[in-house]
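Listed below, chain by chain, are the residues.
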Amino acid sequence: MTKQAMLTEDVPHPMDGLLRMDRIPHIWCPTCGLGTIVTAFAAALEKIEIPLDDVAVVSGIGCTGRVAGYIKVDSFHTTHGRAIPFATGLHLANPKLKVVVISGDGDLISIGGNHFIHAARRNVDITVVCVNNFIYAMTGGQVAPTTPLKANASTMPYGNFEKPFSIPFLADSCGAVYIARWTALHVRRLTTALTEALAKPGFSVVEVISPCSTLYSRRNRLGTGLDLMKFYHDNCVIKHGADTRELDIGFQEPITVGKFIDRERPTYIQSMNTWYGEVFGDEFKPYEGSIK
Amino acid sequence: MTADPKGVLTGEHYLDGDHAAAEGGLAAGCRFFAGYPITPSTEVAERIAARFPKVGGIFVQMEDELASMAAILGGSWAGAKSMTVTSGPGFSLMMENLGLGIMMEVPTVIVNVQRGGPSTGLPTLPGQADMMQARWGSHGDYELIAVSPSSPQEAFDYVIMAFNFSEKYRVPALVMMDECVGHMTEKVVIPRPEDIEITPRKAYTGPPDKYLPYLPDKDMIPWMTRAGGGTRFHTTGLTHDEKGYPVMNAECQEKCVHRLIDKIRTKADEIVVLDEEKVDGADVVVVSYGISSRVAVPAIEMARKEGIKVGSLKMITVWPFPENRIRALAKKVKAFVVPEINYGQMSLEVERCACGNAKTILVPHGGGWVHEAKDIYQAIKGGAK
């Protein structure tokens, strides 16, 4: 294909089949990490063997909450914080679906924090992609449960003094079976992590650190999105299998990334089927979904 | 279509209203239940938890009522008939996602076994004070359908009715019980499955790539698909167009929300179910629902013994309100008497629709117990003057 041909509009985009092109341009700011993350997710969807008709994406509210609207699978843009229980309903009613929650740190870890820990405890077989930009961006830059200490936010105008959550540590404590952290810079490693998480039975969590130049960076005078990507490049330390107690993120301090947890635990439905099999014996027909 | 025999316990039973409501769900084909314990509704969840493993359903006790409500929306989108149950405080927590169910047009059933409020109120004692919350508790403009049983038999029957309404109109349907009905034990007759009418989902059967999730049919109700159905659709709680895509402007808001309201409001007369007795020629009509309609019976008998012409209008559906019927009756009767276990909720609707043509006499009760029949009788007597 010539360069000229590539620029003409009638040449299909390689991700046409995976994205809702009739919704492009998207709403995200220039240099936001979400475009890259959606691309990595789409690439992971292409790699997995599950038919796309069986994939469902659920988002909550916020910048990342809009992801569900751009991916061309069955997609649900729900309420603030409730993506995980909504996804739990989808999955439990029809376990043949591959249900993925893609949402932000505020949505999943603050307002939805209770659902996050309980879904991890139950080991509900869903994948959670938590895009962490350290701030509430859609609403204009308020402090998040992930905002590093000392970082500035509109509701922490003199700098944050609340200790943030470490998402991998939280997920590990609650029993998630697959936990990785990458940044929007690590496109290939992120794609691999998403592919692994999607293939993993049980509650899998991929945290993606993502640049927000409009709010987080501007409020903290960290430069453009490109400067943040350079920061990730220079300051990310890959440490697979790192102790999750040591994954706190300090303000402009090195970020440990990698695959931290990959373990086996029976999923919610497996546990239920095994137990009811013991209790009821042959009378019990293992649950495979309530959809005819 | 008729009921799936697997969930139907045909026969005569001695059940309380909570257990009967659970059986109503099973008979209606509910196979996904997400709930959180709360008095006086917990027995519904307990019975479902015990029964579902044997009928191929899945029960999950969620971490709170926010999660329960969100989960049943997911369950319904996956294609399963889904329900939850709660009481006042949990009902409050469900309000946001009830709105999501209305906006996304998700068939689902929420049973509220009402107790005394506000706040923690009277967990073990009856109330009927969530009636306006049912109608207006979620933010924004909406319409939905609610029914109100007054006995365990009706709890069984009306849960099925609620499921059928929710499927036909693609709207969450509420079953507004109360602690008395929930905990009273009476005979419940469960029919044979072939005698239970079930409204199927309005399923989309066209080509997958042509599916528009919010393109309304002539009856204003769009066809529904399910996750994994091959249509790769999008749905959102945001104001949306026929594709289900968000559109942020007044024109789309008007089109989207007006239809959500009209699909119920303009069909109120076909939805409304009333049980009327001796209303023609009456001077006074007792308008009641739930447990209060049973307490009204002896009061009406007392008044009739004194020669007062009194009729009874028991609302089986409470929302949409039987507006046209009350308006018509108001021109013929002297007064409506409205006993309810609150300080005036449905009576406000009666008064509004009476338009001053007839008096509306509220017989309030703060909750914790039911009315004394004599209080309702006194109101009837006053109304007949």
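1. A closer look at the overall build of chain B
So, point 1. Looking only at helices and strands, one finds 13 helices and 16 strands in chain B.
So, point 2. Here chain B has a C-alpha radius of gyration of 21 Å; the compact-globule value for 385 residues is 21 Å, and the two agree.
So, point 3. The principal-axis extents of the C-alpha atoms in chain B amount to approximately 70 × 50 × 40 Å.
So, point 4. In chain B, which comprises 385 residues, the proportion classed as buried is 58%.

2. Let's talk about the pairing of strand β1 (residues 55–59) of chain A
Residues and elements named next belong to chain A.
So, point 1. Counting buried residues along β1, five of its five residues qualify, which places the element largely inside the surrounding structure.
So, point 2. By the alternation rule, side chains of β1 split into V55, V57 and S59 and A56 and V58, which are all buried.
So, point 3. As judged from the four bridges shared by β1 and strand β3 (residues 98–104), these two strands associate in the parallel manner. Paired with V58 across the two strands is V101, which belongs to β3.
So, point 4. Bridge analysis of β1 against strand β2 (residues 74–77) gives four bridges, and the strand direction is parallel. Directly across from A56, in β2, lies its bridge partner D74.

3. Regarding the domain arrangement of chain B
Residue and element names in this part refer to chain B.
So, point 1. Parsing chain B into structural domains produces domain 1 (5–195) and domain 2 (275–384).
So, point 2. One C-alpha centre belongs to domain 1, the other to domain 2, and the line joining them spans 26 Å.
So, point 3. Across the boundary between the two partners, domain 1 contributes 25 residues, which contact 21 residues of domain 2.
So, point 4. Secondary-structure elements contributing two or more residues to the side of domain 1 that touches domain 2 are β6 (122–126), α5 (131–136), β7 (145–147), β8 (172–178) and α7 (179–183).
So, point 5. Of the residues belonging to the side of domain 1 that touches domain 2, the class tally is 17 nonpolar, five polar and three charged.

4. Digging into the packing of helix α2 (residues 34–47) of chain A against helix α7 (residues 187–199) of chain A
Residue and element names in this part refer to chain A.
So, point 1. Closest axis-to-axis distance for the α2/α7 pair is 8 Å, and the angle between their directions is 50 degrees. Regarding the angle of α2 to α7, the classification is oblique. In this structure, the crossing between α2 and α7 has a hand that is right-handed. Across from T36, A40, F41, A43, A44 and K47 in α2, the residues of α7 making contact are V187, L190, T191, L194, T195 and L198.
So, point 2. For the contact of α2 with α7, the residue count by class is eight nonpolar, three polar and one charged.

5. Some words on the interface of chain A and chain B
So, point 1. Facing the 37 residues of chain A at the interface are 39 residues of chain B.
So, point 2. Of all elements in the fold, only β2, α3 (83–93), α5 (113–122) and α10 (268–280) of chain A reach the threshold of two or more residues within the side of chain A that touches chain B.
So, point 3. Element by element, the count of residues in the side of chain A that touches chain B is highest for α3(A), at eight residues.
So, point 4. Relative to strand β10 (residues 234–236) of chain B, β2(A) is paired through three bridges, and the arrangement is parallel. For A:H77, the partnering residue across the bridge sits in β10(B) and is B:T236.

About the criteria used
Residues numbered from 1 in each chain as written. Chains lettered and ligands numbered in written order. Predicted model: local features only at pLDDT ≥ 70, side-chain atom pairs only at ≥ 80, totals over all residues. Helix = DSSP H or I, 4+ residues; strand = E, 2+ residues; numbered from the N terminus. Rg over C-alpha atoms; globule rule 2.2 N^0.38 Å. Buried ≥ 20, exposed ≤ 12 C-beta atoms within 10 Å, placed from the backbone. Pairing = 2+ DSSP bridges. Domains from an automatic or database assignment. Contact = placed C-beta atoms within 7 Å. Nonpolar A, V, L, I, M, F, W, Y, C, P; charged D, E, K, R; others polar. Axes fitted to C-alpha atoms, helices over the stretch in contact; angles between N-to-C directions. Parallel < 35°, antiparallel > 145°, perpendicular 65-115°, else oblique. Left-handed = near helix turned anticlockwise from the far one by under 90°.

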